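Below are the chains, spelled out letter by letter.
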Amino acid sequence: MGQILFRVLGTLEVESDGRRVPLGGARQRTILSMLLLSPDRIVSVESLVEAVWPAGAPATARNQVAICVAGLRKLFRVSAGITDLIRTEPPGYLLALRGHELDTVAAERLAEAARDAARAGRTDEANALVERALELWRGPVLDGMTAHRIKVAAGRLDERRLELLEERAELQLQLGRHRTLAGELAALVQEHPLREQPRVQLMLAQYRSGRRAEALELFREGRRLMVEELGIEPGPALQTLQTLILQDSPELSRPDHRAGGIPSAPLPAQLLADVAAFTGRTAELARLDRILEEDDATRPLTVAAITGVAGVGKTALAMHWANRVAVRFPDGQLFADLRGYDEQHDPLGPSGALDRFLRALGVPDSRLPQDLDAQAALYRSVLSGKRVLIVLDNVRSFAQVRPLLPGSGRCCVLVTSRDAVDDVTGDFAVQRVSLPTLSAEEAAVLLSRMAGAQRMAAEPEAAERLGILCDRLPLALRIAAARLVAKPHWSVRSLVDRLEDQRRRLDELSPGCGGVRAGFALSYRYLSPQTAQLYRRLGLLTTPDFASWVGAGLLETDLRQAESLTEQLVDAQLLEVVPGGSGSGTRYRFQDLLRLYAWERAQEEETASDRIGALRRAYGGWLALAEAAHRRLIGGPAPRLGSAPRTELPGDLVSELLKDPMAWFESERSAIVEVISHAAREGRADVAWPLAMYASAFFETRNCLEDWGATAGLAMAAARSAGDLLGEATMLRSLGSLAIYQRRYAEAEERLVPALRLFERVGDEMGHAQALRQLGLCARFRGNLEQAGDYCRRALAVLREKGSVRDTVHVLGVLAQVEAERGNPQRAIELSSEAVVLSRDSGSRRAEAQSTFRLAEALLRADESRQAIVPGWRALALSRSDGDLVGQTHALRALGEAQWRCGKLTEAEQTLREAAELAEQTADRFLLGRLETDLACVAALRGEVVASVDYLELARARFDALGSRTWRARTERLLGALRGGFGGAAVTAEQLTGLLRIPA
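Model, not experiment: these values are computed from the prediction.

**Regarding the side chain of R733**
Step number 1: Counting through the fold element by element, R733 comes out in helix α32 (residues 725-741).
Step number 2: It is D764 that comes nearest to the buried, bridge-free R733 among opposite-charge side chains, at 6.1 Å.
Step number 3: Side chain to side chain, R733 and Q770 meet in a polar contact 2.8 Å long.
Step number 4: Ignoring anything within four residues of it in the chain, the contact list for R733 reads M693, L752, A755, F759, G767, Q770, A771 and Q774.

**Thoughts on the packing of helix α23 (residues 529-538) against helix α25 (residues 559-571)**
Step number 1: Running from N to C, α23 and α25 cross one another at 85°; their axes reach a closest spacing of 9 Å. As summarised for this structure, α23 and α25 are arranged roughly perpendicular, according to the angle between their axes. The residues of α25 that touch α23, namely those facing Q530, T531, L534, Y535 and L538, are Q561, A562, L565, T566, Q568 and L569.
Step number 2: The residue inventory of the contact of α23 with α25, partitioned by class, reads six nonpolar, five polar and no charged.

**With respect to the packing of aromatic side chains**
Step number 1: Evaluation of the coordinates by the stated rule reveals 17 aromatic pairs.
Step number 2: Taking 5.5 Å as the distance between ring centres and 20° as the angle between the ring planes, the aromatic pair formed by F665 and F698 counts as stacked. Of the two residues, F665 sits in helix α29 (residues 661-681) while F698 sits in helix α30 (residues 685-701), which places them 33 residues apart along the sequence. Per residue, the accessibility class of F665 equals that of F698, and both read buried.

**Comments concerning the environment of L522**
Step number 1: Along the chain, L522 turns up in helix α22 (residues 515-525).
Step number 2: Separated by 359 residues in sequence, L522 and E163 place their C-alpha atoms 44 Å apart.

**Thoughts on the sheet that holds strand β2 (residues 13-16)**
Step number 1: In spatial order, the strands read β3-β2-β1-β7; together these four strands make up an open sheet with mixed pairing. Each of the sheet's edge strands pairs with one partner strand only, and the pair in question is β3 (19-20) and β7 (101-102).
Step number 2: Across two bridges, the pairing between strand β1 (residues 4-7) and β7 is parallel. Within β7, the residue paired with L5 across the bridge is E101.

**Things to note about empty space enclosed by the protein**
Step number 1: Summed over the entire model, instances satisfying the criterion amount to six cavities of 30 Å³ or more.
Step number 2: Put simply, the largest cavity is a space of about 110 Å³.
Step number 3: What lines the largest cavity is R780, A816, Q817, A820, E821, R854, E857, A858, R861, R930, W967 and R970.
Step number 4: Counting residues per element, the ones that place at least two in the lining of the largest cavity are α36 (805-821), α38 (845-861) and α44 (965-979).
Step number 5: For the lining of the largest cavity, the per-class residue count stands at four nonpolar, one polar and seven charged.

**Re the sheet that holds strand β6 (residues 92-95)**
Step number 1: In space, the three strands of this open sheet follow the order β4-β6-β5, with antiparallel pairing throughout. In this open sheet, the two strands that pair with only one neighbour each are β4 (42-44) and β5 (86-89). Averaged over all pairs of adjacent strands, the angle between strand axes in this sheet comes to 35°, irrespective of strand direction.
Step number 2: In this sheet, β6 lies alongside β4 in antiparallel orientation, the contact comprising three bridges. Note that in β6 the partner of I42 across the bridge is L94.
Step number 3: The strands that helix α2 (residues 45-52) touches are β4 and β6; relative to β4, the one it contacts most, it runs at about 60°.

**Thoughts on the pairing of β5**
Step number 1: One ladder, built from four bridges, connects β5 with β6; its direction is antiparallel. Pairing of I86 across the sheet is with L95, part of β6.
Step number 2: Between β5 and β6, which pair antiparallel in sequence order, lie two residues.

**Some remarks on helix α12 (residues 314-325)**
Step number 1: Counted at 1.5 Å a residue, the expected span for α12 with its 12 residues is 16 Å, and the 17 Å between its end C-alpha atoms agrees.
Step number 2: Buried residues dominate α12, accounting for nine of its 12 residues.
Step number 3: Within the span of α12, buried status applies to K314, A316, L317, A318, M319, H320, W321, A322 and V325.

**A look at the confidence of the model for the chain**
Step number 1: Confidence in the prediction for the chain averages 85 pLDDT; 94% of positions are at 70 or higher.
Step number 2: Summarising per-element confidence for the chain, the mean pLDDT is lowest in strand β12 (residues 429-434) (80) and highest in helix α31 (residues 705-722) (95).
Step number 3: Within the model, the stretch residues 257-264 combines pLDDT values under 50 with 23 contacts to residues more than four positions away or in other chains.
Step number 4: When the criterion is pLDDT under 50, residues 295-299 qualifies, and its contacts beyond four places in sequence or with other chains add up to nine contacts.

**Some words on the state of the cysteines**
Step number 1: The tally for this structure, following the rule as stated, stands at zero disulfides.
Step number 2: Distance from the sulfur of C902, which forms no disulfide, to the nearest cysteine sulfur (C937) is 14 Å.

Reading guide: rules and limits
- Each chain carries its own residue numbering, running from 1 in the written order of its sequence.
- A pLDDT threshold of at least 70 governs which residues receive local features in this predicted model, and a stricter bar of 80 or more applies before side-chain atom pairs are shown or counted, although totals over entire chains, interfaces and linings include all residues.
- Note that the side-chain values use all heavy atoms of the structure and ignore hydrogens as well as water.
- Under the DSSP-based scheme used, a helix requires at least four consecutive residues in state H or I and a strand at least two consecutive residues in state E, with every element numbered from the N terminus.
- Burial classes: relative accessible area under 20% of the type maximum marks a residue as buried, over 50% as exposed, and values in between as partly exposed (1.4 Å probe, protein chains only).
- In this tally, Asp and Glu contribute negative charge and Lys and Arg positive charge; neither His nor the terminal groups of the chain are included.
- Between Lys or Arg on one side and Asp or Glu on the other, a salt bridge is scored when a side-chain nitrogen of the former is within 4 Å of a carboxyl oxygen of the latter.
- Side-chain atoms alone can form a polar contact between residues adjacent in sequence; in general such a contact is a pair of N or O atoms within 3.5 Å, and within protein one must be able to donate a hydrogen while the other accepts it.
- Residue contacts follow a heavy-atom distance rule, with two residues in contact if any of their heavy atoms lie within 4.5 Å.
- The axes are straight lines fitted to the C-alpha atoms, using for helices just the contacting stretch, and the angles between their N-to-C directions are given from 0 to 180°.
- Oblique is the label for any angle not covered by the other classes, which are roughly parallel (under 35 degrees), roughly antiparallel (over 145) and roughly perpendicular (65 to 115).
- Only Asp, Glu, Lys and Arg are considered charged, only Ala, Val, Leu, Ile, Met, Phe, Trp, Tyr, Cys and Pro nonpolar, and every remaining residue, Gly among them, polar.
- Between 30 and 60 degrees the pair is tilted, below 30 it is stacked and above 60 it is edge-to-face, where a pair is any two Phe, Tyr or Trp rings, Trp via its six-membered ring, whose centres lie within 6.5 Å.
- Being paired, for any two strands, means DSSP has found at least two bridges between them.
- Here the term cavity refers to a set of points on a 1 Å grid, laid over the protein atoms alone, in which a 1.4 Å probe fits but cannot get out; the term pocket refers to an open set having protein on both sides within 12 Å along at least five of seven lines, with lining residues being those that place an atom within 4 Å of a point.
- Grid points are joined across faces, edges and corners, and a volume is the space filled by probe spheres set on the points.
- The span one expects for a helix is its residue count, reduced by one, times 1.5 Å.
- Confidence of the predictor at the level of single residues is given by pLDDT, which spans 0 to 100.
- Pairs of cysteine sulfur atoms within 2.5 Å are identified as disulfides in what follows.

Structure, rendered in structure tokens:
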């Protein structure tokens, strides 16, 4: 395997064992150039695409980049036998130099060796090394490459050459070669008239050559240019040298006098050590790498700010990245902990930090200013033209950072902070890197590295749970791993069991006075009193997320103030925004450990009555909105359920939140489930059962059956414990409705019969009538049509008297189905038509969809198949507009039946198969049986007897399991007719329709 030499300091050239390697086309050369400009670092595919297609990339750009990379790999494999030079590393590619040469790396290596020699006093050797570095430049960097990103990077390398020229000039001045140096420096000053260092060096060379007047004129010319073009005075080095020349200072004649006027000092290397067992953060590291790729000396300074919650690993990431890229900052690295969040020390002010930095940069005590502005000006002057990495850790605000920013875009500033470090003036481009907690995989790796891979692998479920209980927060994970290391006799499960207790979890993760709790305490300490109060009270909630209106109830304040305080908690990294929130606007959530800390603060700092009152108002807000959303869903007035107080919200807010009530319920679904559960556990039946009842219509429409059953069951138990008979009856009826929905009619009757008695006991006629209607549904399913009709007529009489349009519509629909099955299709059509009119007048699309579907079914029973198609399509459209999957399935089934009865077999099959897919999603076994029966009819009409029999046997098995005697008997008759061959004649739609009917 050969060694490859890459050259970019001129035209792009590649050699393998002394032989030139022919490169491919422009795209391959561009991609190779980009990789060589960032050796051993990931270059994102996005950066490569932008470099190759600066005016706009085609849709196939990423594929074409991959093809170019494959071509380069083949090129190096064929020319040098190398297969691992270019590696795929998400989100891009990495060129691994290992054992190969790159002229830019060689130049930096020589320059670093020159600095070491100069510091050791070996000036001749240093000069020779710098000259060898300069010889590597063969012309303009990557000459001929046109991509903007490459030109920017090439500009940096050309700038580096100028710096080396300045370093060589300084060394030659120390060697007393000022006469031969003057001509070279004069050309450099003419080419770069605003660059101060060559002008300083040329002035000194002229003075030592006896050309004092020319040196002073050179200063005046430079000052004029700077004032006219930049509006600034010359820097301290130029001004100091002019003063010394005017004084004919003997100091200027010493060969070791530095042209910059500042004595030599060791380069600062203040970075902390890299963190042991550093894990993950690939995307964030790549983003920080891109900040260096995008650096441009011609534009204002870019500041990178790593932000995140306490313990998330901001400093660890900063140190890992800074140590990795330190070689790219040959003029040193500065570090300061600004103590923005420190319980034992006051924050380090800008003046104190500048004093430390200036000393590290070699400024003698005698030249250190006391005034902050003067310190900052000298700091910028010293850093001018240098490439220094500056890491400012634990920053409180941008005001603390601003004086510490250099004036040159060649430096890189990396800030870590818990708060959003934003430049409100817009003078600087602050690139934020928001640091989340670790992924599940990264957390597992960190635990394995620290506590032992075998130990973690032996208990994989416990290890995964340990990561979850630590919120995958690096600090918490490290503490947990350290505890396991210190307790080798503990199993992972034993530590998990300790952390499962929410009231002890922070104790376990906060050894001594430090750990997780201490980190959170520092963030909490700096909150304003009202923001801290909101944080505490939000910790009382157990909901997975919440909207800002919840804060208004918790604090008894207006919405705008609640939004402002909530956003302050986000800025302080104590809350996070839920991505993709809708329905109720922006939603927020806690990391679990932060919620536990907020709960602790509430127990310590809030009275019991304050805590109870805050939760009562928050729950009142959910009740008020759920009641209003329910009212909009049913399209008319609804009685207020329960006695729990409502928290009234502004009308415009309610209108905005509930413009789509289904979307609001969807966004609040998890929160509502948790509020019901928590209220039930805390004995707040007055909150639990009304909220469960309001949510049940949403749960039914969106097929959220687990949520429906769980919330209704918990609320019923709470109502029973509280002696709330109305609440218990209402939840029993809701559970009965769920059982009907799931086609478990025996279970439904077990719920509905005691509900009926409870409604009678409390004198609730409406509840009693609604339970009767549901019992009518159960009787109809069992085939007891007389009893079903009796239940429905009794319910209808009460509902008409009470003026409940919605419930009346429902009962009319059930009665229509009963009459159709008793052989009275015309009466069914009349009842269904009345229900359609009532529901349309009430404005309830859901009720109208159900009524319209039942009208379509009544028309089918009356052999009006063609007329049934129109209401079938209408019911489908209404159900789709509400996102009602169950309604869509029923409408499609009725439409499919109308189509096959009209001879439209292809359309019918498509419609029925679409309905079957939805029925599978909703797990409606009865409806699947009906659809299989319809598909059997389609197959029979096509003459596909075997397929028809298969469908019918599936349907019969479903009806048998469900206890539906009526439909089991119908499938039996169809099977008998099919097996008997219909007397040898071709089957007709009329024959099939007749077999599907049961005589009255």
